[in-house]
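Residues per chain, in single letters:
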Amino acid sequence: MSMVRIMKNRKDLNRRMFKGFTLIELLIVIIILGVLAALITGNFFTSLKKGRDAKRKADLEQVQRALEMYYEDKRIYPLTAELTFGTSLTDPVSGKVYMQNVPNDPVSNKAYQYLSADGTDYKIFGCLENNLQRLPYLSTGYTITCDGCENLNGTPVADCIWGVSSSNISP
């Protein structure tokens, strides 16, 4: 009798231990995991865009500081044709280096747009991937486009422009 009771208890124990999940329970868990993965992935790509945009803004500010040092020494800003992105910003007469490597866009590796018609002022523009950030001003007389600026998917980014300018330009 005791052997029958042991076998019955063992069967009950096995049933309780190895009771499986139903198909509906598995589907609910899979759906929840899918939603969480989508949320995490979306935030990840947004963070990447914000990081690249922060790099662009920092690049423009570094170039701005180098141009202001250049102006302090020469009392003129380099003309549009004199500033080449991807190379150094150097005074051709004294050989003084103001910036070792004038940076390009981190994704497309294309030059930022630098505009200085007569050397009395300048503007530098770059294209951002996050289209919620826009340039607070665009002066008349300058036509700025983001031709060639594109995100990682190859989609053109034409409406999101950021820029810095010399201190003698009012917004």
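Calculation notes
- Residues numbered from 1 in each chain as written.
- Predicted model: local features only at pLDDT ≥ 70, side-chain atom pairs only at ≥ 80, totals over all residues.
- Heavy atoms only, no water.
- Helix = DSSP H or I, 4+ residues; strand = E, 2+ residues; numbered from the N terminus.
- Buried < 20%, exposed > 50% of the residue type's maximum accessible area, 1.4 Å probe, protein only.
- Contact = heavy atoms within 4.5 Å.
- Areas by Shrake-Rupley, 256 points an atom, 1.4 Å probe, with all protein chains shown as cover.
- Core = buried A, V, L, I, M, F, W, Y, C linked by side-chain atoms within 4.5 Å.
- Pairing = 2+ DSSP bridges.
- Axes fitted to C-alpha atoms, helices over the stretch in contact; angles between N-to-C directions.
- Phe/Tyr/Trp six-rings, centres within 6.5 Å; stacked < 30°, edge-to-face > 60°.
- Expected span 1.5 Å × (residues − 1).
- 1 Å grid on protein atoms, 1.4 Å probe; cavity = no way out; pocket = protein on both sides within 12 Å on 5 of 7 lines; lining within 4 Å.
- Points joined across faces, edges and corners; volume = space filled by probe spheres on them.
- Nonpolar A, V, L, I, M, F, W, Y, C, P; charged D, E, K, R; others polar.

### Side note on the overall build of the protein
Within the protein, the regular secondary structure consists of 2 helices and 5 strands. Helices (α) and strands (β) of the protein occur, in sequence order from the N terminus, as α-α-β-β-β-β-β. Taken over 171 residues, the protein has a buried fraction of 29%. In the protein, once contacts between residues fewer than 6 apart in sequence are set aside, the share between residues at least 24 apart is 58%. Total accessible area on the protein is roughly 11700 Å²; 60% of this is exposed by carbon and sulfur atoms.

### Let's talk about the nonpolar core
Formed by 17 residues in total, the largest nonpolar core has its most connected members in Leu67, Phe85, Leu89, Tyr114 and Ile124. If you list the elements that add at least two residues to this core, you get α2 (23-74) and β2 (97-99). Top element by residues in this core is α2. It accounts for 5 residues. If sequence neighbours within four positions are ignored, Ile124 has contacts with Leu60, Val63, Leu67, Phe85, Tyr112, Gln113, Tyr114, Trp162, Gly163 and Val164.

### Quick word on the sheet that holds strand β4 (residues 123-127)
If you walk across this open sheet you meet the 3 strands as β3-β4-β5, and the pairing is antiparallel. Every interior strand has two partners, whereas the edge strands, β3 (113-115) and β5 (161-165), have only one. Strand-to-strand, the axes of this sheet are offset by a mean angle of 20°, without reference to chain direction. As paired strands, β3 and β4 are joined by 3 bridges and run antiparallel to one another. Considered in β4, the bridge of Leu115 is made with Lys123.

### Some words on the packing of aromatic side chains
Under the counting rule described, the total for this entry stands at 6 aromatic pairs. Ring centres of Tyr77 and Tyr122 lie 4.8 Å apart, and the angle between their planes is 70°; on these two criteria the pair is classed as edge-to-face. In this pair, Tyr77 is assigned in the loop between α2 and β1 (89-90) and Tyr122 in the loop between β3 and β4, connecting sequence segments 45 residues apart. For Tyr77, a relative accessible area of 3% puts it in the buried group. With a centroid separation of 5.9 Å and 70° between ring planes, the pair formed by Phe85 and Tyr112 is classed as edge-to-face. Of this pair, Phe85 sits in the loop between α2 and β1 while Tyr112 is found in the loop between β2 and β3, placing the two residues 27 residues apart along the sequence. Taken as a pair, Phe85 and Tyr112 share a single burial class, namely buried. Members of the aromatic cluster, connected to one another through ring pairs, are Tyr71, Tyr77, Tyr114 and Tyr122.

### Considering α2
Over its 52 residues, α2 extends 76 Å from the first C-alpha to the last, a length consistent with the 76 Å expected when each residue adds 1.5 Å. Of the positions making up α2, those classed as buried are Arg52, Asp53, Arg56, Lys57, Asp59, Leu60, Val63, Ala66, Leu67 and Tyr70. Here the buried face of α2 lies against β1, β2, β3, β4 and β5. Directly beyond the C-terminal end of α2, a positive phi value near 60° is found at Arg75.

### Overview of the layout of surface pockets
By volume, the largest pocket amounts to about 180 Å³. If you go around the largest pocket, you meet 13 residues; those closest to its centre are Tyr70, Pro78, Glu82, Thr90 and Pro92. A per-class count over the lining of the largest pocket returns 8 nonpolar, 4 polar and 1 charged.

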